[in-house]
Amino acid sequence: MNATTGRVAAILIGLATAIVIVAFAIVPFLTPQWVAFEQERSNATAWTGFTTEELRTATDAILSALVFGGDFDVELDGVPVLNEREQAHMADVRTVFRGLWVLALISLVGLALASRRADRAGTWRAVRGGAIGLSIGVVAVGVVALVAFDQLFELFHRVFFPAGSYLFDPTTDRLVQLFPFQFWQETAMAVGVVIIAIALVVAFVAGRRAERTAHARSTADVAPIPEPGT
């Protein structure tokens, strides 16, 4: 393998590592338990005017459609919770998540194939590099978010969603009442912390494996060659 091919392989392995870590880190925050916890903290019952039971019924149906598929047409007392624009936006959100899951699956397959490379120490170093790079990136984004979360939130939506499709009025639109701004701010912070924690563990393990693999290979290279007849 020449130097250029090795560098390209290292970059791809690092990117695959980062994608898999992000995907794994997000999963716990798509559970009813976390959503209910954050909705309580962000006072979603006051925003919506729903009872706690109504809030859970509406939110759990929306979350189920997001994760497992289906329509976002949940009703309370025969009245749709989300209007057509809100339902369309949630369908867009589901598309983004599905894209992430596909990328994560492709990345997992790529990492499995990379583990069969002759340069296994290089593979582990690339995994470590991807995890460390992700940690640095998340810390940098977190620092910016401390002073400009609104702008980052807006930029994220501009990148991933059609223009204007994500703009809602918190005084009238249920979607932003169910998931108030505080909900997203605190969830984003928690996701960032989990990503960094997982990435640091991965970086530590990959670093140790790279050292051991390199040491084992160097030991095998200098092992004495038996003389004929011995």
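Residues numbered from 1 in each chain as written. Predicted model: local features only at pLDDT ≥ 70, side-chain atom pairs only at ≥ 80, totals over all residues. Heavy atoms only, no water.

Counting 42 residues, the largest nonpolar core has Leu66, Val81, Leu82 and Leu178 as the members making the most contacts within it. Counting residues per element, the ones that place at least two in this core are helix H1 (3-26), helix H2 (32-41), helix H4 (52-68), helix H5 (84-114), helix H6 (120-160), helix H7 (174-178) and helix H8 (181-221). If near-sequence neighbours (up to four positions away) are discounted, leucine 66 is found in contact with Leu30, Phe72, Met90, Val93, Arg94 and Phe97. Counting 8 residues, the second-largest nonpolar core is a separate cluster that includes Val20, Ala114, Val127 and Ala206. (Core = buried A, V, L, I, M, F, W, Y, C linked by side-chain atoms within 4.5 Å. Buried < 20%, exposed > 50% of the residue type's maximum accessible area, 1.4 Å probe, protein only. Helix = DSSP H or I, 4+ residues; strand = E, 2+ residues; numbered from the N terminus. Contact = heavy atoms within 4.5 Å.)

A few words on the packing of aromatic side chains. Evaluation of the coordinates by the stated rule reveals 12 aromatic pairs. Ring centres 5.4 Å apart and planes at 45° place the aromatic pair tryptophan 34 and phenylalanine 37 in the tilted group. Within this pair, tryptophan 34 and its partner phenylalanine 37 are both found in helix H2, separated by 3 residues, close to a single helical turn. In this structure tryptophan 34 comes out as buried when scored by relative accessible area, which is 18%. On the accessibility criterion, phenylalanine 37 (42% relative accessible area) is partly exposed. Geometrically, the ring pair formed by phenylalanine 156 and phenylalanine 160 is tilted, given 4.8 Å between the ring centres and 45° between the ring planes. Here the residue phenylalanine 156 and the residue phenylalanine 160 both occupy positions in helix H6, the gap between them amounting to 4 residues, near one helical turn. Relative accessible area serves as the criterion here: at 45%, phenylalanine 160 is assigned to the partly exposed category. (Phe/Tyr/Trp six-rings, centres within 6.5 Å; stacked < 30°, edge-to-face > 60°.)

Moving on, we come to the environment of arginine 212. Inspection of the secondary structure assignment puts arginine 212 in helix H8. For the pair arginine 212 and alanine 121, spaced 91 residues apart in the sequence, the C-alpha separation amounts to 8.1 Å.

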